[in-house]
Amino acid sequence: MIHQPSSSFYEAQTGEFSMEAEELVKVRETLTRVYVQRIGKPLWVVSEDMERDIFMSATDAQAYGIVDLVAVE
């Protein structure tokens, strides 16, 4: 599955919420850049794909580029 990072904002106080939101944005940007480098797809494609849950089989994940090898028995 590919998905954007998430948090439990509703449990935090206002000051903590702000700091956590900033950190979450940094994590999302870093993760997106890593996916772009690894997958080779444009930034806008990866960002759009991370906006929603994308469930993939092992072979789909390999085709997408987030998995190198799929074991076969």
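Structure: see above.
Within every chain, residues take consecutive numbers counted from 1 along the sequence as written. It should be noted that, the model being predicted, local features are given only for residues of pLDDT at least 70 and side-chain atom pairs only at 80 or more, the latter also being counted only at that level, while totals for whole chains, interfaces and linings use all residues. Water and hydrogen atoms play no part in the side-chain values, which are based on all heavy atoms of the structure.

Please explain helix 2 (residues 43–50) as it appears in this structure.
One turn of an α-helix holds 3.6 residues; hence residues three or four places apart share an orientation. When a residue's accessible area, from a 1.4 Å probe over protein chains only, is under 20% of the maximum for its type it is buried; when over 50% it is exposed; and in between it is partly exposed. Counting from the N terminus, the helices are the DSSP runs of H or I reaching at least four residues and the strands are the DSSP runs of E reaching at least two. Turning to helix 2, its buried residues number three or more, namely Val45, Val46, Asp49 and Met50. The buried residues of helix 2 all sit within an arc of 130° when viewed along its axis, so they share a single face. Read the arc as the range of directions from the helix axis to the C-beta atoms.

Help me understand the side chain of Asp49 in this model?
Here Asp49 lies in helix 2. Since its relative accessible area comes to 10%, Asp49 is described here as buried. Contacts are assigned to residue pairs that have any heavy atoms within 4.5 Å of one another. Beyond its immediate stretch of four places on either side in the chain, Asp49 contacts Ile2, Ile54 and Tyr64.

Mind showing me how you'd approach the pattern of salt bridges here?
Any two side chains of opposite charge can pair if their charged atoms end up close together. Take a side-chain nitrogen of Lys or Arg and a carboxyl oxygen of Asp or Glu: if they are within 4 Å of each other, that pair is a salt bridge. Within this structure, the stated rule accounts for three salt bridges. Note that Glu51 is salt-bridged to Arg28, the shortest N-O span being 2.6 Å. With Glu51 in the loop between helix 2 and helix 3 (58–64) and Arg28 in helix 1 (residues 14–39), the pair connects residues that are 23 residues apart, well separated along the chain. Put simply, Asp68 and Arg38 hold a salt bridge, and the shortest N to O gap is 1.7 Å. In this pair, Asp68 sits in the segment after helix 3 while Arg38 sits in helix 1, placing the two residues 30 residues apart along the sequence. Judged by relative accessible area, Asp68 falls into the exposed class, the value being 55%.

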